[in-house]
Every structure is written in structure tokens, then in C-alpha cells.
Amino acid sequence: MTKHYSAANQPPEDEGEIGVATKVKPQTARPPLYKVLMLNDDYTPMEFVVHVLQRFFGIDEALAAKIMMTVHLKGVAVVGVFTHEIAETKVTQVMDYAQRHQHPLQCTLEKE
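Below: a short report on this structure.

Calculation rules
Residues numbered from 1 in each chain as written. Predicted model: local features only at pLDDT ≥ 70, side-chain atom pairs only at ≥ 80, totals over all residues. Heavy atoms only, no water. Core = buried A, V, L, I, M, F, W, Y, C linked by side-chain atoms within 4.5 Å. Buried < 20%, exposed > 50% of the residue type's maximum accessible area, 1.4 Å probe, protein only. Helix = DSSP H or I, 4+ residues; strand = E, 2+ residues; numbered from the N terminus. Contact = heavy atoms within 4.5 Å. Salt bridge = Lys/Arg side-chain N within 4 Å of Asp/Glu carboxyl O. Pairing = 2+ DSSP bridges. Axes fitted to C-alpha atoms, helices over the stretch in contact; angles between N-to-C directions. Parallel < 35°, antiparallel > 145°, perpendicular 65-115°, else oblique. Left-handed = near helix turned anticlockwise from the far one by under 90°. Nonpolar A, V, L, I, M, F, W, Y, C, P; charged D, E, K, R; others polar.

Among the nonpolar cores identified, the biggest contains 25 residues, and Val36, Met38, Val52, Leu53, Phe57, Val94 and Leu105 are the most heavily contacted of them. Elements with a contribution of two residues or more to this core: β1 (33–39), α1 (46–57), α2 (61–74), β2 (76–83) and α3 (84–100). In terms of residues, this core owes the most to one element, α1, which gives seven residues. Residues contacting Met38, with those up to four places away along its chain left out, are Val49, Val52, Leu53, Val71, Gly75, Val76, Ala77, Val79, Val94, Leu105, Gln106 and Cys107.

Our next topic: the pattern of salt bridges. On inspection of all chains with the given rule, the structure shows one salt bridge. Here Lys35 and Glu110 are joined by a salt bridge, their closest N and O atoms 3.2 Å apart. Here Glu110 lies in strand β3 (residues 106–111) and Lys35 lies in strand β1, a separation of 75 residues in the sequence.

Further remarks concern the sheet that holds β1. Here three strands make up an open sheet; going across it, the order is β2-β1-β3 and the pairing antiparallel. Strand pairing shows two members of the sheet lacking a second neighbour, β2 and β3, which therefore form its edges. Mean inter-strand twist for the sheet, computed between neighbouring axes without regard to direction, equals 30°. With seven bridges joining them, β1 and β2 adopt antiparallel strand pairing. Across the sheet, residue Leu37 finds its bridge partner in β2, namely Val78. Against the sheet, α1 touches β1 and β2, its axis set at about 160° to β1.

Next up on the list: the packing of α1 against α2. At a minimum axis distance of 9 Å, the contact between α1 and α2 shows a crossing angle of 125°. For the element pair α1 / α2, the angle class is oblique. Considering how the two elements wind past one another, α1 and α2 form a crossing that is right-handed. For the pair formed by α1 and α2, the contact residues are Met46, Val49, Val50, Leu53 and Gln54 on the first element and Glu61, Ala64, Ala65, Ile67, Met68, Met69 and His72 on the second. The residue makeup of the contact of α1 with α2, split by class, is nine nonpolar, two polar and one charged.

In C-alpha cells:
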């Protein structure tokens, strides 16, 4: 018995064909990174900034003091580089914590 196909009833393109399966390794790109920036203000105590750097960024006291002085003297400093979601979370945590302690400390992020 022979199969007849009309234009509307075409056989599948791979019917009767034999091929070789190949493994394609997907190319995964690294996610873009974002810098978390801490901004200077004239009201937040330096000790509080050091505490925030230690608490939310896992920075030891000596490095936290150095970063705090950079913020104080230059007006801004990079405090970490993360994927977008982590950077955004860090900024939110710092801003919420500062607000709860009635400090105007500002943190932001920008694409690296």
C-alpha cells in the first residue's frame, strides 16, 4: 500500500531519514556585574559606616575603616562587585538598616 500526501497533509520532514545525533555544548555567558557604591554624607557617623561594611559586606575592620575613609575623603567608594540580584539586595539591606538607625547613609549600584 502506498501513502499519498496532499499539500495539506505533508509527511514529516525527517520521515525515513537517518542522522547522527551530536551533543551541542551550550555557551553560557557570565552574568553582568554591578558595583555597589557607598556615598558620603555629613551626618552618618564613621563608626556606623565601618559597622555596615563589616556586617553586610563581610569586610574586616581594618579594610572597612580604609574604605570608610575613602568614602569620607572622595565622596564615594566601591564596596563590592556582585551580580545584579546580589548587588540590589546589598543596597536594599544597607539602606533599610541605615534608615532603621536614623542615618542618611546612601548606597547605590552601577553596571561595571
